[in-house]
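In case you want the letters, here they are:
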Amino acid sequence: MDGHGGFIWSSWGIALVVLTILIGISLKSMRSRERELARMEAEAPRRRRRRATETDTKTNTKTDTATTPETATPAGDNTGDNQ
Amino acid sequence: MTRKRRRLTVVFLGGLMLSTAAALVLTAFEDSIVFFHTPTDIATKQDLQKDRRLRVGGIVKEESWRKKDDGLTHDFLVTDLTHEIRVAYKGIIPDLFREGQGVVVEGRLLPDGTFRADEVLAKHDENYMPKEVAEALKKSGKWKGSAVTGTPDGDKPYGDKPYGGKSYGGQKESAQ
Amino acid sequence: MLHRFANPTRFLRLANAVLPWATSLTVILIGAGLYFAFGASPADYQQGETVRIMYVHVPSAWMAMFAYAFIAVASAVGLIWKHPVAHVCALAAAPIGACFTVICLTTGSLWGKPMWGTWWVWDARLTSVLVLFFLYLGFIALANAFDDAARGEKASAILALVGAVNLPIIKFSVDWWNTLHQPASVTKIGMPAVHSSMLIPLLLMAVGFTMLFVVLVIVRARAELADRRINALRSARIHAETAQSGA
């Protein structure tokens with residue numbers, strides 16, 4: 001590569017490393033936060049239970065497949081109520 | 001509603017004042033923001049002729065580059081097509097340095113009008129193409145005044161504007 | 001239109017519908033971009049093989065600016081209309097923009113050494129991009145500097161808006177002042193300054209990076225929304241407990 005291969009490969013290497021770290025951290029924090037939220041909602045006080053029983057059970061079984069819309073929706077519903 | 005409108009007005013007016021301030025500051029400090037001066041600047045602006053470190057940018061004039069046998073001592077003309085300046089340099093030059101290409105040199109202006117450079121940077125233009133295409137363009141005469149060959153389309157190879165950090169081709173860039 | 005997505009539920013519903021598409025597009029586009037960048041594109045007539053750095057440098061630079069513009073718009077919407085999701089999106093985009101800026105600066109430096117003959121110069125383009133990087137750091141720091149989350153949101157949103165003045169400076173620095181950095185190629189009118197064989201990998205990578213940005217904003221926004229919900233639940237629980245013990 002013209003004797004400049006080192007520059008070319010390190011450019012792409014740095015881009016790869018930076019983006020991999022970013023993607024890794026982002027995914028990891030999303031999974032842990034959503035898992036924590038699902039756990040907390042499962043043991044939520046009764047007043048909340050009454051309304052959210054249906055969706056809560058769904059959330060518990062599906063926590064790991066975080067990309068499905070069902071998991072995030074109940075979380076979002078509650079966020080909307082509270083703010 | 002009125003509150004929202006008030007916030008909107010504050011943000012808008014704030015932005016307006018900020019941009020004005022930025023524009024004023026940038027205009028005021030233009031001389032220190034420019035990375036290099038053109039040979040025309042050197043010829044016309046008195047304060048640039050004082051003995052101080054400065055950078056000069058332009059195009060390496062065709063057939064002006066001479067180097068000694070040691071491969072380190074270089075001598076060439078930097079031109080903006082209005083004025084030119086002789087540059088003397090001892091050191092390693094970058095890969096992209098060639099006649100007809102842009103260059104920025106850093107050093108001092110000597111009393112005899114030559115410029116003693118201690119650093120030479122090649123300035124790349126904004127054209128990207130494979131070698132074959134560049135050659136085909138040159139052959140067909142469609143080469144639009146790039147600084148590379150110095151085969152101009154007309155007497156003004158670099159457009160109407162003298163070289164000064166603008167597009168070499170004299171073609172305007174569109175606002176994105 | 002905007003009001004529809006101000007609600008976190010609606011936002012998440014839309015985001016989750018977009019996510020699988022954006023993810024597959026990211027993989028396909030960046031994959032194709034890499035193929036063209038290394039295999040199916042020629043060496044440059046001046047730079048030789050070093051032109052291949054451009055295919056990661058230029059899209060990163062665009063993303064660095066695009067992400068900041070996104071943050072500035074989201075901050076304005078958050079400040080003026082008080083949409084809660086706007087700040088979440090701005091906060092989610094900031095580390096992504098900062099990463100693209102880092103990639104832009106390092107790859108630019110790695111291109112500059114063999115081509116210009118220097119790693120770095122303080123010309124208007126390079127300096128203004130470095131300022132952009134510090135604006136990102138400032139935004140992230142300010143957003144997390146306050147105990148009261150709403151205050152951090154407001155302060156960081158104002159910083160984002162003030163810093164937006166840097167965007168036109170970056171874009172037009174190469175036209176307004178003499179710089180070592182070359183002027184824009186892709187947005188140039190007239191003879192295409194970038195040959196089509198080199199434009200293909202450039203644009204593929206650029207759209208691929210944009211899709212990656214969308215994916216990452218969604219992922220990070222989901223994390224942030226879940227985090228806020230957790231905090232809200234915790235404080236609600238503490239409230240409930242203190243109320244009980246008081247009664």
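Please refer to the structure higher up on the page.
Residues numbered from 1 in each chain as written. Chains lettered and ligands numbered in written order. Predicted model: local features only at pLDDT ≥ 70, side-chain atom pairs only at ≥ 80, totals over all residues. Heavy atoms only, no water.

Engineer: How would you sum up the overall build of chain B? Please name residues and give values.
Structural biologist: Check the secondary structure of chain B and you find four helices and six strands. Mapped in sequence order, the helices and strands of chain B form the string α-α-α-β-β-β-β-β-β-α. Across the 176 residues that make up chain B, the buried fraction comes to 42%. Taking the intrachain contacts of chain B between residues at least 6 apart in sequence as the baseline, contacts between residues at least 24 apart amount to 49%. Per element, the accessible surface of chain B, about 10000 Å² overall, is 55% carbon and sulfur. (Helix = DSSP H or I, 4+ residues; strand = E, 2+ residues; numbered from the N terminus. Buried < 20%, exposed > 50% of the residue type's maximum accessible area, 1.4 Å probe, protein only. Contact = heavy atoms within 4.5 Å. Areas by Shrake-Rupley, 256 points an atom, 1.4 Å probe, with all protein chains shown as cover.)

Engineer: Tell me about the nonpolar core, residues and numbers included.
Structural biologist: When a protein is soluble and globular, its nonpolar side chains tend to lie buried together. Formed by 63 residues in total, the largest nonpolar core has its most connected members in Tyr55(C), Ile71(C), Phe100(C) and Phe209(C). Looking at this core element by element, the count peaks at 12 residues for helix H4 (residues 84-115) of chain C. Not counting chain neighbours up to four residues away, the residues in contact with Phe100(C) comprise Leu19(A), Ser60(C), Met63(C), Ala64(C), Phe209(C) and Leu212(C). Membership of the second largest hydrophobic core comes to 19 residues, among which are Ala15(C), Ala22(C), Val85(C) and Ala223(C). (Core = buried A, V, L, I, M, F, W, Y, C linked by side-chain atoms within 4.5 Å.)

Engineer: Lay out the packing of aromatic side chains with the relevant residues and their values.
Structural biologist: Tallied over the full model, the rule gives 15 aromatic pairs over all chains. Geometrically, the ring pair formed by Phe7(A) and Trp119(C) is tilted, given 6.0 Å between the ring centres and 50 degrees between the ring planes. Of this pair, Phe7(A) sits in helix H1 (residues 5-42) while Trp119(C) sits in the loop between H4 and helix H5 (124-143), placing the two residues on different chains. Accessibility expressed as a relative area gives 42% for Trp119(C), which makes it partly exposed. Ring centres of Phe70(C) and Phe213(C) lie 5.4 Å apart, and the angle between their planes is 90 degrees; this geometry places the pair in the edge-to-face category. Residue Phe70(C) is located in helix H3 (residues 54-81), and its partner Phe213(C) is located in helix H8 (residues 196-246); the two are separated by 143 residues in the primary sequence. Taking the relative accessible area as the measure of exposure, Phe70(C) reaches 26% and is therefore partly exposed. (Phe/Tyr/Trp six-rings, centres within 6.5 Å; stacked < 30°, edge-to-face > 60°.)

Engineer: Can you break down the layout of surface pockets residue by residue, with the values?
Structural biologist: Space inside the largest pocket adds up to approximately 890 Å³. In this structure, the largest pocket is lined by 33 residues; those nearest its centre are Leu91(C), Ala149(C), Glu153(C), Glu224(C) and Arg228(C). Counting only elements with at least two residues in the lining of the largest pocket, the list comes to H1 of chain A together with H3, H4, H5, helix H6 (149-163) and H8 of chain C. (1 Å grid on protein atoms, 1.4 Å probe; cavity = no way out; pocket = protein on both sides within 12 Å on 5 of 7 lines; lining within 4 Å. Points joined across faces, edges and corners; volume = space filled by probe spheres on them.)

Engineer: Describe helix H7 (residues 166-176) of chain C, naming the residues involved and giving the relevant values.
Structural biologist: Of all the 11 residues making up H7(C), eight are buried; the element is thus mostly covered by neighbouring parts of the structure. Inspection of H7(C) places Asn166(C), Leu167(C), Ile169(C), Ile170(C), Lys171(C), Ser173(C), Val174(C) and Asp175(C) among the buried residues, and these make up the whole buried set. Buried-residue contacts for H7(C) involve helix H1 (2-28) of chain B together with H3, H5 and H6 of chain C.

In short, the description is geometric, and any link to function would need to be established separately.
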